[in-house]
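The residues making up each chain are set out below.
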Amino acid sequence: MNNKEVEDCIIVGGGIAGLQAAIQLGRYSAHRVLVIDRGYGRSTICKSYRNILGWPDGVSGDELRARGRKQAESVGVKFVKDDIASATQTEARGFRLTNKNGTQYEGRTLLLATGLMDRYPDIAGLSSLLGTSVFVCPDCDGYEIQDRRTVVIGSGDPGASMAILLSERTKDITYINHEGHAVSEEHRRQLEAKGIPYIEEEVAEIKGEAGTISSVIFKDGTTLQTERGFISFGGNAIYSELAQQLGAELEHNKHVKSDPRSKMTCVENLWVAGDVGVHSELTTVAMGEGATAAIWINKALKKMNAGG
Ligand SMILES: Cc1cc2nc3c(=O)[nH]c(=O)nc-3n(C[C@H](O)[C@H](O)[C@H](O)COP(=O)(O)OP(=O)(O)OC[C@H]3O[C@@H](n4cnc5c(N)ncnc54)[C@H](O)[C@@H]3O)c2cc1C
């Protein structure tokens, strides 16, 4: 079954960047806007954002998304739950998106706000603490571990460099190399110089209550008490496949390049916003990029409507 209508703009990704773009575009009251989202992203796993203007006590990703969707719907934006598997350009220089069952959507312009996903193993107890007392982003949540007993659970060098970076926040920090991947000589030297204990042992479970981590239980049965945690495993999945299929330029790390002013990629009428773009892995940056892209999508649509 195909969606016969051609949308003025399709936004793939109804997370933070996509929702902010949808609200901005909807408020022009001039365009048919469709958001397609598969329902699972970084903003659905983060239980609390605390660095956002107006939310000093934090707000969960789920709550922000629910509010954002309601706000976008109130200005006429449509939503569909679907997982887009491929993208091509149409003869009319628009975009055709297809899910894995063959359902298609067509848009005159396209915004990819597909984000990325952190790689982390399925450790019992971990997911319920993400964003409240176990964190991923030092710029977002370095503040939350100030002078607190902290563990970094990770893998090889990415975990080691996270522990080294965070040691400027707390003297009581331990690096647990859960996967036992190699740590370079240079990182070992720095861990030692900063007095960061190094444990190479698999974590069996993370204990916590009401969102606060309390201890780490290792496979060998030993326990380490803690107040805060960070994870850093490296190898995050960047959801840039659709952009790549359409010919957008990618960085070596698979993030999509775009014009810094408009967020349009090197492919005409194809935009990116949020974590799928280059170095922007913060909620507030994702919002800013979503709004910026929407402003330029509106300009492009107006030009098209005027026959330009
Ligand atoms: C544990 C954790 C804690 C964090 N804490 C903070 C914090 O305190 N402060 C802060 O500023 N930031 C924080 N972040 C980062 C923040 O969540 C991201 O920067 C933000 O979610 C980026 O928004 P986005 O719209 O780019 O991506 P997302 O919010 O991940 O949304 C992308 C959406 O695209 C959809 N999607 C992807 N591919 C497809 C497809 N092919 N078809 C259909 N839909 C698709 C996904 O379902 C998803 O809903 C945290 C992240 C994590 C994981």
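Before going into details, it helps to say that this report is about the structure given with it. Predicted, not measured: the structure shown is a model, and the values here were computed from it.

1. A few points about the overall build of the chain
Right, on to step 1. Helix and strand counts for the chain come out as 8 helices and 17 strands.
Right, on to step 2. Since a compact globule built from 308 residues should have a radius of gyration of about 19 Å, the 21 Å found for the chain is in line with a globular shape.
Right, on to step 3. Seen along its three principal axes, the alpha-carbon backbone of the chain occupies a region of about 65 × 35 × 35 Å.
Right, on to step 4. Out of the 308 residues in the chain, the part that is buried amounts to 49%.
Right, on to step 5. Long-range contacts, defined as pairs at least 24 residues apart, comprise 61% of the intrachain contacts of the chain with a sequence gap of at least 6.
Right, on to step 6. When the 35 positive and 40 negative side-chain charges of the chain are each reduced to one mean point, those points stand 7 Å apart.

2. Describing the sheet that holds strand E9 (residues 150-154)
Right, on to step 1. As summarised here, the arrangement of the 5 strands in space is E8-E15-E9-E10-E11, forming an open sheet in which the pairing is parallel. Edge positions in the sheet fall to strand E8 (134-135) and strand E11 (198-199), since each has one partner strand and no second.
Right, on to step 2. Across 2 bridges, the pairing between strand E10 (residues 173-177) and E11 is parallel. By the bridge assignment, Ile176 is partnered in E11 with Ile199.
Right, on to step 3. Contacts from helix H5 (residues 156-166) reach E9, E10 and strand E15 (228-232) within the one sheet, and its direction differs from that of E10 by about 175 degrees.

3. Focus on the packing of aromatic side chains
Right, on to step 1. One pass over the structure, following the stated rule, counts 2 aromatic pairs.
Right, on to step 2. The interplanar angle of 55 degrees and the centroid separation of 5.7 Å between the aromatic rings of Phe135 and Phe230 together place this pair among those described as tilted. Of this pair, Phe135 sits in strand E8 while Phe230 sits in strand E15, placing them 95 residues apart in sequence. Neither Phe135 nor Phe230 differs from the other in exposure class; each is buried.
Right, on to step 3. Ring plane angle 55 degrees and centroid distance 5.7 Å describe the contact between Tyr175 and Tyr198, whose orientation is recorded as tilted. With Tyr175 in strand E10 and Tyr198 in strand E11, this pair connects stretches of sequence that are 23 residues apart.

4. Things to note about the state of the cysteines
Right, on to step 1. All told, the structure shown has 1 disulfide when counted by the stated rule.
Right, on to step 2. Each sulfur in the disulfide pair Cys137 and Cys140 lies 2.5 Å from the other. Judged by the sign of its S-S torsion, about 80 degrees, the bond between Cys137 and Cys140 is right-handed. Comparing Cys137 with Cys140, the two get one shared label, buried.
Right, on to step 3. Here Cys46 stays free of any disulfide, with the sulfur of Cys140 as its closest cysteine sulfur at 7.9 Å.

5. Regarding the pairing of E15
Right, on to step 1. Within E15, 5 of the 5 residues are buried, which leaves the element mostly enclosed by the surrounding structure.
Right, on to step 2. On E15, burial covers both faces: Arg228, Phe230 and Ser232 on one face and Gly229 and Ile231 on the other are all buried.

6. Notes on the sheet that holds strand E14 (residues 223-225)
Right, on to step 1. Strand order across the open sheet formed by 3 strands is E12-E13-E14, with antiparallel pairing between neighbours. Here the strands that pair on one side only, and so sit at the sheet edges, are strand E12 (203-209) and E14. Strand-to-strand twist of the sheet, defined as the mean angle between neighbouring strand axes without regard to direction, takes the value 25 degrees.
Right, on to step 2. The pairing of strand E13 (residues 212-218) with E14 spans 3 bridges and is classified as antiparallel. Its bridge partner lying in E14, Ser215 is registered against Gln225.

7. Description of the site of the ligand
Right, on to step 1. Around the ligand there are 36 residues in total, and Asp37, Tyr40, Ser43, Tyr49 and Thr283 lie nearest to it.
Right, on to step 2. Gly39 is positioned such that a nitrogen or oxygen atom in its backbone is 3.5 Å from an oxygen atom of the ligand.
Right, on to step 3. Of all the elements in the fold, those that place two or more residues in the shell around the ligand are helix H1 (16-26), strand E2 (33-37), helix H2 (42-45), helix H4 (138-141) and helix H8 (283-305).
Right, on to step 4. By residue number, the principal contributor to the shell around the ligand is H2, which donates 3 residues.
Right, on to step 5. Here the shell around the ligand is composed, by residue class, of 16 nonpolar, 10 polar and 10 charged.

8. Section: the packing of H5 against helix H6 (residues 185-193)
Right, on to step 1. Running from N to C, H5 and H6 cross one another at 30 degrees; their axes reach a closest spacing of 10 Å. By the angle between their axes, H5 is roughly parallel relative to H6. When you trace H5 past H6, the crossing you get is left-handed. Taken together, the residues of H6 that come into contact with H5 (itself represented by Asp157, Ala160, Ser161, Ala163 and Ile164) are His187, Gln190 and Leu191.

The rules behind each value
- Residues numbered from 1 in each chain as written.
- Predicted model: local features only at pLDDT ≥ 70, side-chain atom pairs only at ≥ 80, totals over all residues.
- Heavy atoms only, no water.
- Helix = DSSP H or I, 4+ residues; strand = E, 2+ residues; numbered from the N terminus.
- Rg over C-alpha atoms; globule rule 2.2 N^0.38 Å.
- Buried < 20%, exposed > 50% of the residue type's maximum accessible area, 1.4 Å probe, protein only.
- Contact = heavy atoms within 4.5 Å.
- Lys, Arg positive; Asp, Glu negative; His and termini not counted.
- Charge placed at Lys NZ, Arg CZ, Asp CG, Glu CD.
- Pairing = 2+ DSSP bridges.
- Axes fitted to C-alpha atoms, helices over the stretch in contact; angles between N-to-C directions.
- Phe/Tyr/Trp six-rings, centres within 6.5 Å; stacked < 30°, edge-to-face > 60°.
- Disulfide = S-S within 2.5 Å.
- Near = heavy atom within 4 Å.
- Polar contact = N/O pair within 3.5 Å; in protein donor to acceptor, adjacent residues only side chain to side chain.
- Nonpolar A, V, L, I, M, F, W, Y, C, P; charged D, E, K, R; others polar.
- Parallel < 35°, antiparallel > 145°, perpendicular 65-115°, else oblique.
- Left-handed = near helix turned anticlockwise from the far one by under 90°.

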